[in-house]
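# Results of the structural survey
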Amino acid sequence: MDKNDRSYTNGEITVHWKSKECVHAGTCFRELRKVFDPSRRPWIDLSQGDTEAIIDIVERCPTDALTFERGDKTGELGGTAAAAAPDKIKFNIMRNGPILAEGNFVLVKDDGTEQEIKSITSFCRCGVSRTMPFCDGTHNKQGFSPDEY
Ligand code: FES
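What counts and how
Per chain, residues are indexed from 1 in the order of the written sequence. At least 70 in pLDDT is required for a residue's local features to be given in this predicted model, at least 80 for side-chain atom pairs to be given and counted, and no such filter applies to totals for whole chains, interfaces and linings, which use all residues. Buried Ala, Val, Leu, Ile, Met, Phe, Trp, Tyr and Cys residues whose C-beta atoms connect them within 7 Å together make up a nonpolar core. Residue burial is a threshold on neighbouring C-beta atoms within 10 Å of the residue's own C-beta, all placed from the backbone, with 20 or more meaning buried, 12 or fewer meaning exposed, and counts in between meaning partly exposed. Starting at the N terminus, helices and strands are each numbered in turn, a helix being any DSSP run of H or I of at least four residues and a strand any DSSP run of E of at least two. Whether two residues are in contact is decided by their C-beta atoms, placed from the backbone, lying within 7 Å. Think of it this way: DSSP has to see at least two bridges between two strands before they count as a pair. Geometry is summarised by axes, namely lines fitted to C-alpha atoms with helices restricted to the contacting stretch, and by angles between N-to-C directions that run from 0 to 180 degrees. In this description, one arc is meant: the one made by directions from the helix axis to the C-beta atoms.

This paragraph deals with the nonpolar core. Formed by 16 residues in total, the largest nonpolar core has its most connected members in Val 15, Ile 44 and Val 58. Contributing elements (two or more residues each) for this core: strand E2 (13-17), helix H1 (27-31), helix H2 (51-59) and strand E3 (66-70). Per element, the largest residue contribution to this core is three residues, and it comes from H2. Among residues more than four places away in sequence, those in contact with Ile 44 are Tyr 8, Val 15, Trp 17, Val 35 and Phe 36.

On to the sheet that holds strand E8 (residues 120-123), then. Taken in spatial order, the three strands line up as E4-E5-E8 in an open sheet, and their pairing is antiparallel. The open sheet has two edge strands, strand E4 (90-93) and E8, and neither has a second partner. Strand after strand, the sheet turns through a mean of 20° between neighbouring axes, direction not considered. Note that E4 and strand E5 (residues 99-102) share four bridges and pair antiparallel. Looking across to E5, one finds that Phe 91 is bridged to Ala 101.

Count 3.6 residues to each turn of an α-helix, and residues three or four apart come out pointing the same way. Residues of H2 that are buried: Ile 54, Ile 57 and Val 58. The buried residues of H2 all sit within an arc of 100° when viewed along its axis, so they share a single face. Opposite the buried face of H2, at more than 90 degrees from it, the exposed residues are Glu 52 and Glu 59. Packing partners of the buried residues in H2 comprise E2, H1 and E3.

Have a look at this one:
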């Protein structure tokens, strides 16, 4: 298990998210935005959807970034959903994708409003996201592939 991995439960199932496996294909948030909302923290809220609908989406994840188990497994995992964020903010530039920022910080927008960011956030690097400054997966549709990274 990677320290960035997270688990979320609604008591019926536990959904596991492995950030390093995620290619931001966007199936989850396009089809079940109430549960998988990259602009919200935490971005997965299983209380916002039907368990079988969530399972359907998780099973359609093109990588194994999203998986699930029956029951509440967060206790066995040491409560990773509420795991403490690292002391430092870590930026991970995804090849042909967004910049992942991990840690606790405050995002100050150009209008001066502030948004507290916790855990992992993906910032758009391609310039076409509809949820700026966050990545919404649109880079996949446009074939974003800068010369480097
Ligand atoms: S990097 Fe993902 S939408 Fe821009």
